[in-house]
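# Notes for the structure review
Residue-level listing of the chains:
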Amino acid sequence: MISLRHLHAVTKECKCSKRLLQDLYRRGGHDAHGARFGRVFAFPCSGPLGCLAGARRFYVDSIDRTVSVQTLTDPMEVLAFMDRHNDANTRTFEASLRSLGRLSVGEHYKAVVEDNRFHAILSTLASRLEDCDATMLSKISDATARFRSSTPELADLAQRLAEVARQREDTFSPRNLANVAMALSMRGVRDVPTVEFIRNEALKLMDDLEPAHCIMLLEAFRRWGVFDRQLVDLLVERMSDEVDRFTTRDLVDALAVISRLGLARGFLLRRLCGLAFENLRQFSARELAKMCYSLARLRFLAQSNVDDLVEAMRPEMERLVGSQISEFLFALAMVNARHQLDTARILAAQYVDSIGGIPKMSGGSLIDYAWSLVALDLVREFENDFSEALKETFTRNPPQNRTPLLKLFDVICALELEYKDLNIPVASSWKAACDDADRYEMDRLESSRLHNEVMMRFDQLRGSSNGVRWKLQMQRNSSCGPYRVDMLDQETKLAVDLEIVSWPTARHVKHRLLEAQGYRMVNLQYWDWRRARTEEDQNLFLEREVTRVLESNPLPASEKLIE
């Protein structure tokens, strides 16, 4: 038997490079001298040269096993390999887990996660976590995140990772911390001590975070359902300071997480958009579609921007498939880009021709597709595809996520008011889920700061239209046909909605349906309202928007006269 310290002395005596030792121990999760863990390796040796030869054989064998795992293309082969080499080092086990996450798709996924050999890999890794440094913990965490969904065994490993990680205060690099946070959030580990540990470590490392690290931390806290204003503000500030270091992937991912969080941070968005539109040719069609989707959700996409994006995407547009198509189509619909209807028609046809067709699409993608057809008035041109998409959706269970339910609520209302003749049955479970989602979100927004600002301005607002002087008595969160609106004056049937970045769909579909019911709809754009800095500016803006609607749909002389 030979200790690590003895092996170091032997290497020095033989005048060999210390790099061999450093590589050997680093790959096994140890320091260069073995002082931290005190592990002992058994090598057949007689004298210094025999010991060194044993160390070299161990090093080469470890590397060979890791490389072998990484080159396998069948997940069952990976399981068989690790079953034969259950004495491999931690690096090899981590590589096997990473390979399994990459290869376990389709029909292989269930077979892998239910295999006892897979459970043995997870159990071995869990038993070795105490001996891993921060870098290896980060790699193992990242490997667990490669699986598309959690299993009890993966969740147990992730929970054990969280417990060990909390003992490594001040040892994580920015990259390692971001990897651990993202992986744990994906595997559903959200206990308070873990979230608090990640938060505190992030605050310590704030000045060293790169854009990609900030993005991953924002996404992790979003998945945890934790909105820490101090942390978010600091991360956004850091991203603003480092905007010149953004890669194309960083930019696309940043816009995606900002849109999912509904962060209305105009300064950062302007800088990111400026950087993006100056370099559109550097993005792939897939990245452009994702970026367009995010900007549309943030209400930060003008129709002129859409034209630039379509032009940049055109050479590779035919390569888009599935959700990439539905996202870009949804973005066109969000900005009501009627001048790009020919492009929308191409995308709608391309969507159903994707590999697997409508039955293989995700639920969110199908809902985006259906909402887009309604918003762009393309339902009649694609009746069969529209019906098939909704019927496929209603065969599945409603999600817990309210975002797709709010989108589908618009579609269901359109079915009831505009497309009754299609006779598409709406599953009662979906109808109830969509109604609940709309009611919950409208109730939640009723007391928001923005809604309070607008209501205070309405309390003082009065004006005239076509010679008729008016003053409105607005009621919050009022029923209006099949919908609820942010504010409604019952006597004049004038309804107001705020176009906020956190609402998943643009209001023009809702307003088109309600205007057909006789309501006078006012749509207040969030960014326009924010540009009105003073109360006087807000009053002028609000009066102008209300007057514009009333002049296009005038009040009878008997309505809302001011005595």
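Residues numbered from 1 in each chain as written. Predicted model: local features only at pLDDT ≥ 70, side-chain atom pairs only at ≥ 80, totals over all residues. Heavy atoms only, no water.

An unreviewed UniProt entry lists the protein under the name RAP domain-containing protein, from Cladocopium goreaui.

### Topic: the confidence of the model for the protein
The line we're drawing: How sure the predictor is of each residue is captured by pLDDT, a score from 0 to 100. Any two residues whose heavy atoms approach within 4.5 Å at even a single point are treated as in contact.
Across the protein, the average pLDDT comes to 87, with 86% of residues at or above 70. Here residues 1–46 scores under 50 on pLDDT; set against residues more than four positions off or in separate chains, the count is 74 contacts. This stretch, residues 51–60, has a pLDDT under 50; its non-local contacts, to residues over four places away or in other chains, come to 20 contacts.

### Digging into unusual backbone geometry
Selection rule: Under the DSSP-based scheme used, a helix requires at least four consecutive residues in state H or I and a strand at least two consecutive residues in state E, with every element numbered from the N terminus.
Of note, Arg 299 is a non-glycine position whose phi angle comes to about 55°, a positive value. Looking at the element boundaries, Arg 299 is found in the loop between helix 16 (285–297) and helix 17 (303–313). Despite not being glycine, Asp 377 has its phi angle at roughly 55°, a positive value. On the secondary structure map, Asp 377 appears in the loop between helix 20 (363–375) and helix 21 (383–394).

### Section: the side chain of Ser 294
Cut-off, in case you're wondering: Buried means the residue's accessible area, taken with a 1.4 Å probe over protein chains only, is under 20% of the maximum for its type, while exposed means over 50%, and partly exposed covers the values in between.
With respect to the secondary-structure elements, Ser 294 resides in helix 16. Residue classification places Ser 294 among the buried positions, given a relative accessible area of 2%. In contact with Ser 294, not counting residues within four places along its chain, are Leu 255, Ala 256 and Ser 259.

### Remarks on the UniProt feature "domain: RAP" (unreviewed entry) in the protein
Here is the rule: UniProt positions are given in the numbering used here, feature names are shortened, and annotations may be inferred rather than shown by experiment.
The positions UniProt marks with the feature "domain: RAP" (unreviewed entry) are residues 509–543. Along residues 509–543 one finds 63% helix and 17% strand; the C-alpha atoms at either end are 24 Å apart.

### Thoughts on the nonpolar core
We count it as follows: Remark: nonpolar core denotes a set of buried residues (Ala, Val, Leu, Ile, Met, Phe, Trp, Tyr, Cys) joined through side-chain atoms within 4.5 Å.
Within the largest apolar cluster, 181 residues are counted, with the highest numbers of intra-cluster contacts made by Phe 118, Met 291, Phe 386 and Phe 458. Ranked by residues supplied to this core, first place goes to helix 22 (residues 402–417) with nine residues. Those residues in contact with Phe 118 that lie beyond four places of it in its chain are Leu 79, Leu 97, Leu 100, Val 112, Val 113, Phe 147 and Leu 154.

### A look at the pairing of strand 7 (residues 494–499)
Every other side chain in a regular strand lies on the same face of the sheet, so the side chains alternate between the two faces. Put simply, the test is: In this description, strands pair whenever DSSP reports at least two bridges between them. Crossovers are described as right-handed under a simple rule: with the strands pointing away from the observer, the path leading from the first strand over the helix to the second runs clockwise.
For strand 7, the buried fraction is high: six of the six residues fall into the buried class. What you see with strand 7 is no split at all: Leu 494, Val 496 and Leu 498 on one side and Ala 495, Asp 497 and Glu 499 on the other are buried throughout. Where strand 6 (residues 483–489) and strand 7 come together, three bridges link them in antiparallel fashion. Of the residues in strand 7, the one forming a bridge with Met 487 is Val 496. As consecutive antiparallel partners, strand 6 and strand 7 are separated by four residues, and within that stretch Lys 493 has a phi angle of approximately 60°, a positive value. Where strand 7 lies against strand 8 (residues 520–525), six bridges are found, and the strand directions are parallel. Note that in strand 8 the partner of Asp 497 across the bridge is Asn 523. Regarding the hand of the β-α-β motif, the stretch spanning strand 7, helix 25 (residues 508–515) and strand 8 is right-handed.

### Points about the pattern of salt bridges
As a reminder of what qualifies: Salt bridge, as used here, is a side-chain nitrogen of Lys or Arg placed within 4 Å of a carboxyl oxygen of Asp or Glu.
Taken as a whole and assessed by the stated rule, the structure comprises 47 salt bridges. A salt bridge links Lys 290 to Asp 253, with the shortest nitrogen-to-oxygen separation between them at 3.6 Å. Placement of Lys 290 in helix 16 and of Asp 253 in helix 14 (residues 248–261) is noted, with a sequence separation of 37 residues between them. Its relative accessible area of 32% is what places Lys 290 among the partly exposed residues. Taking the relative accessible area as the measure of exposure, Asp 253 reaches 24% and is therefore partly exposed. Here Glu 416 makes a salt bridge to Lys 431, at a shortest N to O gap of 3.1 Å. In this pair, Glu 416 sits in helix 22 while Lys 431 sits in helix 23 (residues 428–445), placing the two residues 15 residues apart along the sequence. Accessibility expressed as a relative area gives 24% for Lys 431, which makes it partly exposed.

### Considering the sheet that holds strand 7
This is how the line gets drawn: Axes, fitted as lines to C-alpha atoms, cover a helix only where it is in contact. Angles between the N-to-C directions of the axes lie from 0 to 180 degrees.
Pairing is mixed across the open sheet formed by four strands, whose spatial order is 5-6-7-8. The open sheet has two edge strands, strand 5 (475–480) and strand 8, and neither has a second partner. When strand polarity is set aside, the average angle formed by the axes of neighbouring strands in this sheet is 45°. Lying on the sheet, helix 25 is in contact with strand 5, strand 6, strand 7 and strand 8; it crosses strand 6 at an angle near 70°. Running at roughly 150° to strand 8, helix 27 (residues 535–552) makes contact with strand 7 and strand 8 of the sheet.

### Digging into the packing of aromatic side chains
One pair of aromatic rings is described through two measures. These are the centre distance and the angle between the planes. Basically, it comes down to this: Two rings from Phe, Tyr or Trp (for Trp, the six-membered ring) form a pair when their centres sit within 6.5 Å of each other. Planes less than 30 degrees apart are called stacked, planes more than 60 degrees apart edge-to-face, and all others tilted. Whether a charge lies above a ring is judged from NZ of Lys or CZ of Arg, which has to be within 6 Å of the ring centre and within 35 degrees of the ring normal.
The final tally for this structure, using the stated rule, is twelve aromatic pairs. For the ring pair Tyr 293 and Phe 330, a centre distance of 5.4 Å and an interplane angle of 55° mean the geometry is tilted. Of this pair, Tyr 293 sits in helix 16 while Phe 330 sits in helix 18 (residues 322–334), and the two are 37 residues apart along the sequence. Accessibility expressed as a relative area gives 10% for Tyr 293, which makes it buried. On the basis of relative accessibility, which here comes to 0%, the residue Phe 330 falls in the buried class. Pairwise contacts between aromatic rings join Tyr 293, Phe 330 and Trp 371 into one cluster. Sitting over the ring of Tyr 109, Arg 148 keeps its end group 4.2 Å from the ring centre. Looking at Lys 407, its charged tip hangs above the ring of Phe 330, at a distance of 4.5 Å from the centre.

### Considering the packing of helix 7 (residues 116–128) against helix 9 (residues 152–165)
Our working rule: Put simply, angles under 35 degrees are roughly parallel, angles over 145 are roughly antiparallel, angles from 65 to 115 are roughly perpendicular, and the rest are oblique. Following the grouping adopted for this structure description, the nonpolar residues are Ala, Val, Leu, Ile, Met, Phe, Trp, Tyr, Cys and Pro, the charged ones are Asp, Glu, Lys and Arg, and the polar ones are all others, Gly among them.
Two numbers describe how helix 7 lies on helix 9: the axes approach to 10 Å, and their chain directions differ by 10°. Considered as vectors, helix 7 and helix 9 are oriented roughly parallel to each other. Taking contact as the criterion, the partners of Phe 118, His 119, Leu 122, Leu 125 and Ala 126 in helix 7 are, on helix 9, Glu 153, Leu 154, Leu 157 and Arg 160. When the residues that make up the contact of helix 7 with helix 9 are grouped by side-chain class, the tally is six nonpolar, one polar and two charged.

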